[in-house]
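Chains, contacts and geometry: an overview
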Amino acid sequence: SNATGSFTISATNVLATRALANTDALLVYPNPTSTGQLTLRLTLGGTNGPAQLSLLNTLGQTVLSQSAAISNGSLERSLNTRGLAAGVYTLRLQVGEQLLTRKVVLE
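Small disclaimer: the values here were computed from a predicted structure and weren't measured.

1. So, the overall build of the protein chain
Across its full length, the protein chain holds zero helices and seven strands. Secondary structure elements in the protein chain, listed N-terminal to C-terminal, are β-β-β-β-β-β-β. Across the 107 residues of the protein chain, 29% fall into the buried class. At a minimum sequence separation of 6, the contacts of the protein chain that also span at least 24 residues come to 55%. Accessible area of the protein chain: about 7,200 Å², with a carbon and sulfur share of 50%.

Here's what the structure looks like:
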C-alpha cells in the first residue's frame, strides 16, 4: 500500500561539500588524441599557486602525475601520453580546494 501524507528528509553526518568549479576554466585538446600528447589550458582569474595533475585509467589508477604552478591565473601544459594504452581516461586537476576533471580519449 502507498502511504499518503507529509514526510521529512534530513541529512546527518554530511562528509564533504565542494563548490562547483568553473566548467569552462579547463580546456583539454586534442580530444580524442592519437598524437601521444595532450595539451591542457587552465584559466582561473587571479589564482596563483600549486596545482596537481593526474591522469587516471578506468580502474581509477593513477597512470600519470605531475605538479604544476599557476601564475597570474593561468596554466598551459603538455602531457606526454605515449606508452599508455588506448582508452578513456580521467584528467584530474587539483587547484587548492577546486577539483576539475575531464574525460579524455587516447586512440
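2. A short note on the pairing of strand E6 (residues 87–95)
In this structure, strand E3 (residues 49–56) lies alongside E6, joined through five bridges in antiparallel fashion. Along E6, the bridge assignment pairs Gln-52 with Gln-94. Relative to strand E7 (residues 98–106), E6 runs antiparallel, the two sharing nine bridges. If you follow Arg-92 over to E7, its bridge partner there is Thr-101. Taken together, E6 and the strand that follows it, E7, pair antiparallel across an intervening segment of two residues, in which Gly-96 is found at a positive phi of about 60°.

3. A look at the environment of Gly-73
Its place among the elements puts Gly-73 in the loop between strand E4 (62–70) and strand E5 (74–80). Given the relative accessible area of 2%, Gly-73 is considered buried. For the pair formed by Gly-73 and Thr-43, sequence separation is 30 residues and the distance between their alpha carbons is 5.7 Å. With sequence-adjacent residues up to four places away left out, Gly-73 is seen in contact with Leu-42, Thr-43, Leu-44, Gly-45, Gly-46, Thr-47 and Asn-48.

4. Things to note about the pattern of salt bridges
One pass over the full model with this rule turns up one salt bridge. Close ionic contact of Glu-76 with Arg-41 constitutes a salt bridge, the shortest N to O distance being 3.0 Å. Of this pair, Glu-76 sits in strand E5 while Arg-41 is found in strand E2 (residues 37–43), placing the two residues 35 residues apart along the sequence. A residue is classified by how much of its surface remains accessible, and Glu-76, at 48% relative accessible area, is partly exposed.

What counts, and where the lines are drawn
Residues numbered from 1 in each chain as written. Predicted model: local features only at pLDDT ≥ 70, side-chain atom pairs only at ≥ 80, totals over all residues. Heavy atoms only, no water. Helix = DSSP H or I, 4+ residues; strand = E, 2+ residues; numbered from the N terminus. Buried < 20%, exposed > 50% of the residue type's maximum accessible area, 1.4 Å probe, protein only. Contact = heavy atoms within 4.5 Å. Areas by Shrake-Rupley, 256 points an atom, 1.4 Å probe, with all protein chains shown as cover. Pairing = 2+ DSSP bridges. Salt bridge = Lys/Arg side-chain N within 4 Å of Asp/Glu carboxyl O.

Interpretation in functional terms is not warranted from these geometric data alone.
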